[in-house]
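Topology and contacts: notes
The residues making up each chain are set out below.
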Amino acid sequence: AEVPKKRPVPATALVTAIRKSSGQRTALLGDLRNHLATLHDPKQVEEVRREAFEAFARGVDPGSTDSDIQWISGGNALEKALFAEGLTYSSTGEASGRWLEWMALNLNPAQLGQPVADLMEEWTEADYQAAGKWLATTAESPAKQVAVQAYVEVIANYEPHVAIQWAIHGNWPLDDPEGKTAFQRAHNME
């Protein structure tokens, strides 16, 4: 008789437990890590880990961004990358800029592309003015470069002139920060 394969723990079962205190999430994370250590199929380990961290990300609350950021910042590089892939505007809301900044500081530049673009696209579609204001005030970083491109791609469908302004702004010569600032002011990009 064939031994049935262990089924992965459904990540949806984790979602209700995730909106708990960081201490409870930490205990849940410990349980997850222990469970992963019992699995022998690398594909199953990857699937369970990915689903769990996406569920953790869907469980963030814009009202507790500081504690959520502090909690996930204690994870390893793989956990942070999987968590970032699961972030959505529906869970980050008005704290989307904070999460984009967290990605810039916590992910390898090679891991930034898709999670930053996905979150920025969703944010821009939901509130392009807030997303644009964040872009105008956040420091230059590889994450901002990806975010500008995602913003321009979305906004081009609705406000082509704004997309052109951001495209110009994003390609401004690095040796002319005063000119870039003047351009920003002239086009109300602050």
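For the structure, see preceding data.
Per-chain numbering applies: the sequence of each chain, read as written, is numbered from 1 onward. In view of the model being predicted, local features appear only for residues whose pLDDT reaches at least 70, and side-chain atom pairs are presented and counted only at 80 or more, with totals across whole chains, interfaces and linings using the full set of residues. With hydrogens and water excluded, all non-hydrogen atoms of the structure serve as input to the side-chain values.

**Details of the overall build of the chain**
A run of H or I in DSSP becomes a helix once it reaches four residues, and a run of E becomes a strand once it reaches two; helices and strands are each numbered from the N terminus. From N to C terminus, the chain includes 11 helices and 0 strands. Secondary structure elements of the chain, listed N to C terminal, follow the sequence α-α-α-α-α-α-α-α-α-α-α. To sort residues, take the accessible area from a 1.4 Å probe on protein chains only and compare it with the maximum for the residue type: under 20% means buried, over 50% means exposed, and anything in between is partly exposed. The burial tally for the chain puts 42% of its 190 residues in the buried class. Note on contacts: a residue pair is in contact if any heavy atoms of the two residues lie within 4.5 Å. Partitioning the contacts of the chain with sequence separation of at least 6, the portion at a separation of at least 24 is 62%. Each accessible area is a Shrake-Rupley estimate made with a 1.4 Å probe; only the visible protein chains count as cover when residues are assessed. When the accessible area of the chain is evaluated, it comes to approximately 10,600 Å², of which 52% is carbon and sulfur surface.

**Some words on the packing of helix α3 (residues 42–58) against helix α5 (residues 77–86)**
Lines fitted to the C-alpha atoms define the axes, with helices restricted to the stretch that makes contact. Angles between their N-to-C directions range from 0 to 180 degrees. Orientation of α3 relative to α5, taken along the N-to-C sense of each, is 60°, at an axis distance of 7 Å. Taken together, the axes of α3 and α5 lie oblique to each other. Our pair here, α3 against α5, has a crossing hand that is right-handed. Where α3 approaches α5, its residues R49, R50, F53, E54, F56, A57 and R58 are matched on the opposing element by L78, E79, L82, F83, E85 and G86. The class makeup of the residues in the contact of α3 with α5 is 6 nonpolar, 1 polar and 6 charged. Working rule for angles: under 35 degrees goes down as roughly parallel, over 145 as roughly antiparallel, 65 to 115 as roughly perpendicular, anything else as oblique. In this scheme the handedness of a crossing depends on how the near helix is turned from the far one: anticlockwise by less than a right angle means left-handed, clockwise means right-handed. For this classification, Asp, Glu, Lys and Arg are treated as charged, while Ala, Val, Leu, Ile, Met, Phe, Trp, Tyr, Cys and Pro are nonpolar and the rest, including Gly, are polar.

**Some details on the packing of aromatic side chains**
A pair of Phe, Tyr and Trp rings is counted when the ring centres sit within 6.5 Å of each other, with Trp represented by its six-membered ring. The angle between the planes then sorts it: under 30 degrees is stacked, over 60 is edge-to-face, the rest tilted. Evaluation of the coordinates by the stated rule reveals 7 aromatic pairs. Judged by centre distance (5.4 Å) and plane angle (55°), the rings of F53 and F56 are tilted. Of this pair, F53 and F56 both sit in helix α3, 3 residues apart, roughly one helical turn. The exposure class of F53 is buried, given its relative accessible area of 0%. Of the residues examined, F56 reaches a relative accessible area of 2% and is grouped as buried. Ring geometry for F83 against W99: centres 5.5 Å apart, planes inclined by 45°, an arrangement best described as tilted. Of this pair, F83 sits in helix α5 while W99 is found in helix α7 (residues 96–106), placing the two residues 16 residues apart along the sequence. One aromatic cluster is present, built from ring pairs that chain together F53, F56, W71, F83, W99 and W102.

**Concerning helix α4 (residues 65–72)**
Think of an α-helix as 3.6 residues a turn; residues three or four steps apart then line up on the same face. For α4, every residue scored as buried is listed here: T65, D68, I69, W71 and I72. Buried residues of α4, viewed axially, fall in a sector of 160°; they line one side. Along α4, the residues that are exposed and aim more than 90 degrees away from the buried face are D66 and Q70. Arc, as used here, means the arc of the directions from the helix axis to the C-beta atoms.

**Describing the nonpolar core**
Put simply, a nonpolar core is a bunch of buried Ala, Val, Leu, Ile, Met, Phe, Trp, Tyr and Cys residues held in one set by side-chain atoms that sit within 4.5 Å of each other. Residues F83, W99, M103, M120 and W166 are the most contacted members of the largest nonpolar core, which totals 47 residues. For this core, the secondary structure elements donating two or more residues are α2 (22–38), α3, α4, α5, α7, α8 (109–137), α9 (142–155) and α10 (160–170). In terms of residues, this core owes the most to one element, α8, which gives 10 residues. Non-local contacts of W166, meaning those with residues more than four positions away in its chain, are made with G132, L135, A136, V148, Y151, V152 and M189.

**Things to note about the side chain of E79**
Mapping E79 onto the fold places it in helix α5. The class of E79 is buried, set by a relative accessible area of 4%. Any pair of N or O atoms that falls within 3.5 Å is considered a polar contact. Within protein, one atom must be able to donate a hydrogen and the other to accept it, and sequence-neighbouring residues count only if both atoms are side-chain atoms. For E79, the side chain forms a polar contact with the side chain of R33, separated by 2.6 Å. Once you skip the residues sitting within four places of it in the chain, E79 turns out to touch L29, R33, F53 and I72.

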